[in-house]
Amino acid sequence: MRRRSLIKGMGLTASTLFLSRYVKALESPDHYGASVHPGTFLPNWESLQKNYHTPDWFSKAKFGIWAHWGPQCQPGSGDWYARRMYEEGSKTYQFHLKKYGHPSVFGFKDVIHEWKAEKWDPQSLVALYKNAGAQYFVALANHHDNLDLYRSKYQPNWNSTRVGPKKDVIGGWSKAAKEQGLPFGVSVHASHAWTFYEVAQRSDQTGSLAGVPYDGKLQKKDGAGKWWNGLDPQELYEQKHPLSENSGVNGILENKQWRWQNGAAKPTQRYINNFIDRTIDLIDSYNPDLVYFDDAVLPFWPLSDECLKITAHLYNKSIKDYGSLKAVMNAKGLDLNQRKAMVWDIERGKTNAIEPLPWQTDTCIGSWHYDQSIYERKAYKPAKTIIQMLVDIVSKNGNLLLNIPVRGDGTIDDQEQQIVQEIGRWMKVNGESIYDTVPWKIFGEGPAQETEAQLVREGFNEGKGRAFGPADIRFTCKPNILFATVFGWPETDSIVIKSLANGSANLQGPIQRVELLSTKQVLEFERRPEGLRITLPKDKPLDSYASVFKILTSA
């Protein structure tokens, strides 16, 4: 109303000039509709590295749960559905033909239309996750499919309040996390829609529909008589650009061109600006404590460092809102200096040493997007695997962010519920050895660490080493307390911890007491030249695949 009165008062010439300049500003490639918050942090690496420190809440939390949930969960056919449904001959392509029809007729925009989230109850799910021991909760804000899952000012047509479920997904998750007293995070993946959807420009090479284009080049004018009449598919697919090098090769994006400098089609400044606007709008509207980028270092890096504006905005806003820095930004593939500016995240993997700065593993019990076949094969990671991973990661100064796949309707299945509940049972009696701990002098001992695989790109060394067994032990500590977690229950009546041998430089002072943490039983022990020998109780505890011994020391 104020702007309209101002224009009216200017007269026709003045108002026309005002509108002309305003529209020109919106169309300028240098325009940002969302303003960057000023403050201590400047949008450059030097400023961020100099001034950032990981907030205490994140360092102490150790365990978070992630809802990597969006329209690609609707088909129930696993990850990257919106890309692989356009890859002729792939398993997902064949699934799509059978379930929905040919991608020239039924594209991913139409999968979005099918997604209704009719049984979604964020309050119940987040309460379940908190009961399982999660200390923070993260929700998918958008994926490579480019649909914003919130009321998006800069993606006004292709967001979950306008299409699909017509619900504010991030708003619902945020409210639920706040009710449970959990820090709330959002994950942002949409920078790669530019290349992710290139397959939608293809057509079949064989068969009766050979040469018939898929729906990736459709425009607003093509929607007459369709459910999407009035919407422009190009605001979703973003395919008004030349293809990347070797774009016709399946796997080229994930295996090579994830890093933009490796032949990916260069995004326009308009596209980059829109991504920045959308993400700053997300931060301003929902006030997340954590923002996760699914990119190598940063969105559009190394073509551009402009997304450091988002990082500076997040940190400066956090200081303004709370009086101190409480915000976390997760990013992948960071070098040693870049890890001083944000928290290093490793996808489906882990480091093999104690890191000087807090870091995070993100992984999943199945596929990132819900996959019905994993349920049918009973192929989820069991609670045993998750708990052993958590202990190993925490011993190296890391956190674990665990995705529990959500079905399209907004529910998790009974096998997932059982896994979450079992994690919760273990955490209730052993959480003292996880939360608010720090690494010890060494992270552990045993044969598994001798075969640990090296990181590949942004992670992906998960499950490539030797399986944990009773000879593998991991350490965490608090003042005057050392926790030793043994990955199994020996067949003998005792365990020997070699790192705590009599005279060991690792622990020179005396040991006062040893307890089995889950039962509080006081155990007999003796320090010998070969190690600390602990006599085990006769009854094996529940969840003995990760048995925690609480060792009280004098220093």
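This write-up is about the structure you can find in this document.

Procedures and definitions
- Residues numbered from 1 in each chain as written.
- Predicted model: local features only at pLDDT ≥ 70, side-chain atom pairs only at ≥ 80, totals over all residues.
- Heavy atoms only, no water.
- Buried < 20%, exposed > 50% of the residue type's maximum accessible area, 1.4 Å probe, protein only.
- Helix = DSSP H or I, 4+ residues; strand = E, 2+ residues; numbered from the N terminus.
- Pairing = 2+ DSSP bridges.
- Axes fitted to C-alpha atoms, helices over the stretch in contact; angles between N-to-C directions.
- Contact = heavy atoms within 4.5 Å.
- Parallel < 35°, antiparallel > 145°, perpendicular 65-115°, else oblique.
- Left-handed = near helix turned anticlockwise from the far one by under 90°.
- Expected span 1.5 Å × (residues − 1).

Re the pairing of strand E11 (residues 481–486)
Most of E11 sits out of view: six of its six residues are buried. Side chains Ile481, Phe483 and Thr485 project from E11 onto one buried face, and the interleaved Leu482, Ala484 and Val486 project onto a second face that is buried too. Note that strand E10 (residues 473–478) and E11 share six bridges and pair antiparallel. Across the sheet, the residue bridging to Cys477 is Leu482, located in E11. Taken together, E10 and the strand that follows it, E11, pair antiparallel across an intervening segment of two residues, in which Asn480 is found at a positive phi of about 65°.

Concerning the sheet that holds strand E2 (residues 136–142)
Within the closed barrel, the eight strands sit side by side as E1-E2-E3-E4-E5-E6-E7-E8. Their pairing is parallel. Ignoring which end each strand starts from, the neighbouring axes of this sheet average 25° apart. Summarising the sheet, strand E7 (residues 359–364) and strand E8 (residues 398–403) pair through six bridges and their orientation is parallel. Directly across from Cys364, in E8, lies its bridge partner Asn403. Sheet strands touched by helix H15 (residues 383–394): strand E1 (63–67), E7 and E8. Its angle to E8, the strand with the most contacts, is close to 155°.

Description of the packing of helix H7 (residues 122–131) against helix H8 (residues 169–179)
Between H7 and H8, the least distance of the axes is 9 Å, while the angle of their chain directions is 45°. Our classification of the angle between H7 and H8 gives oblique. H8 is crossed by H7, and the crossing has right-handed handedness. Taken together, the residues of H8 that come into contact with H7 (itself represented by Pro122, Gln123, Leu125 and Val126) are Gly172, Trp173, Lys175, Ala176, Ala177 and Glu179.

Looking at unusual backbone geometry
Following Trp301, the chain continues to Pro302 via a peptide bond in cis, the omega torsion being 5°. With respect to the secondary-structure elements, Pro302 resides in the loop between strand E4 (290–296) and helix H13 (308–322). Notably, Asn287 is not glycine yet its phi reads approximately 50°, a positive angle. Although it is not a glycine, Asp436 sits at a positive phi angle of roughly 55°. Looking at the element boundaries, Asp436 is found in the loop between helix H16 (414–430) and strand E9 (444–445).

A few points about H13
Taking 1.5 Å per residue, 15 residues should reach 21 Å; H13 reaches 21 Å between its end C-alpha atoms and fits that length. Buried within H13 we find Leu308, Ile310, Thr311, Ala312, His313, Leu314, Tyr315, Asn316, Lys317 and Ser318. Packed against the buried residues of H13 are helix H2 (45–51), helix H12 (269–286), E4 and strand E5 (328–332). A positive phi of about 85° marks Gly323, the residue just after H13.

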